[in-house]
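Each chain is listed here by its residues.
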Amino acid sequence: QQQSDDPSEEYSGDRFGCTDSEGLWEIRVENVGSAAKVRGLRRGEAIWEDVAERVQTLTVDGGFVAFSAGSQVEILSVSSGKRLHPPIGLGSTTAALMQLNGEGQLVILKTDSSIAVWDLRSSACMIETSLRHVCTPAAIEDLGVKPKTAEPFLQLLDGRLLCFHKGLQLWMELVGADGQA
């Protein structure tokens, strides 16, 4: 959890945040009850503030902020805090983990083991797949997206690295030249 730079601010509830890959933007969330305050800071200076439903997951990069609130994912401009797209609906599930890359590609892992990759610059869903036959969301340490192909990849807690192959529509374990994962 992050601490406020301003000691006069009163905080209650849970706080967390993240920083973009360039270290320029920091996004801070403070959940209080069923609501959340989301703030965009550029080089430590507060630029914008938004109020949303309670935030579960958060990511920032490529000019975008994405956060899950309830059964949807909100997409904001990192520089203005304005909503850029209609929310991405998650159905009857929630986001377990999300990651944005510098190309504006967002990968969403849902608690039902499904994964979607969105290109936020074109507002298009590039890939939808499932991990049900591969692993559970709890087995995932990290996830990301290959920028050129929009294919998601996963780092599992047991050390294995998995990549989704769009053409074959299956998950493959990546193995090094020595036969080790």
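Residues numbered from 1 in each chain as written. Predicted model: local features only at pLDDT ≥ 70, side-chain atom pairs only at ≥ 80, totals over all residues. Heavy atoms only, no water.

(A) Expanded view of the overall build of the chain. Broken down by element type, the chain carries zero helices and 16 strands. When burial is assessed residue by residue, the chain has 44% of its 181 residues classed as buried. By sequence separation, contacts in the chain at least 24 residues apart represent 30% of the contacts at least 6 residues apart. Within the structure as shown, the chain displays about 9200 Å² of accessible surface, and the carbon and sulfur contribution to it stands at 49%. (Helix = DSSP H or I, 4+ residues; strand = E, 2+ residues; numbered from the N terminus. Buried < 20%, exposed > 50% of the residue type's maximum accessible area, 1.4 Å probe, protein only. Contact = heavy atoms within 4.5 Å. Areas by Shrake-Rupley, 256 points an atom, 1.4 Å probe, with all protein chains shown as cover.)

(B) Local environment of the pattern of salt bridges. With the rule as written, the count across this model stands at eight salt bridges. The salt bridge partner of Arg 83 is Glu 74, with a shortest N-O separation of 2.9 Å. We classify Arg 83 as partly exposed; its relative accessible area is 37%. Exposure remark for Glu 74: the relative accessible area of 7% places this residue in the buried category. Measuring nitrogen to oxygen at the nearest pair gives 3.0 Å for the salt bridge that ties Glu 151 to Lys 146. Given the relative accessible area of 7%, Glu 151 is considered buried. One network of salt bridges, in which partners are shared, links Asp 50, Glu 74 and Arg 83. (Salt bridge = Lys/Arg side-chain N within 4 Å of Asp/Glu carboxyl O.)

(C) Focus on the pairing of strand S10 (residues 105-110). For S10, the buried fraction is high: six of the six residues fall into the buried class. Side chains Gln 105, Val 107 and Leu 109 of S10 all project onto a buried face; the interleaved residues Leu 106, Ile 108 and Lys 110 project onto the opposite face, where all are buried too. Judged from the five bridges that link them, strand S9 (residues 95-100) and S10 form a sheet pairing that is antiparallel. Of the residues in S10, the one forming a bridge with Leu 100 is Leu 106. What sits between S9 and S10 in their antiparallel hairpin is a turn of four residues, with Gly 104 showing a positive phi close to 80 degrees. Judged from the five bridges that link them, S10 and strand S11 (residues 114-119) form a sheet pairing that is antiparallel. When the sheet's bridge partners are listed, Val 107 is paired in S11 with Val 117. (Pairing = 2+ DSSP bridges.)

(D) Spatial organisation of the sheet that holds strand S6 (residues 64-69). Read across the open sheet, the four strands follow the order S5-S6-S7-S8; overall the sheet is antiparallel. In the strand order of this sheet, the two ends are held by strand S5 (55-61) and strand S8 (88-89), each with one partner. Sheet topology places S5 next to S6; six bridges connect them, and they run antiparallel. Considered in S6, the bridge of Thr 57 is made with Ser 68.

(E) Layout of the sheet that holds S10. Here we have four strands laid out as an open sheet, ordered S9-S10-S11-S12, and antiparallel in their pairing. Bordering the open sheet on either side are S9 and strand S12 (124-130), each of which pairs with just one other strand. Between one strand axis and the next, the sheet turns through 15 degrees on average, direction left out of account. (Axes fitted to C-alpha atoms, helices over the stretch in contact; angles between N-to-C directions.)

(F) Up close: the nonpolar core. One finds Ile 27, Val 38, Trp 48, Leu 58, Val 65 and Phe 67 to be the most contacted residues of the largest nonpolar core, which totals 17 residues. Residue assignment for this core shows that the elements contributing at least two residues are strand S2 (25-32), strand S3 (35-42), strand S4 (45-53), S5 and S6. Once residues lying within four places of it in the same chain are set aside, the contact partners of Val 38 are Ile 27, Arg 28, Val 29, Trp 48, Glu 49, Asp 50, Val 55 and Phe 67. Of all hydrophobic cores here, the second largest spans 16 residues; its members include Val 117, Leu 131, Leu 154 and Leu 156. (Core = buried A, V, L, I, M, F, W, Y, C linked by side-chain atoms within 4.5 Å.)

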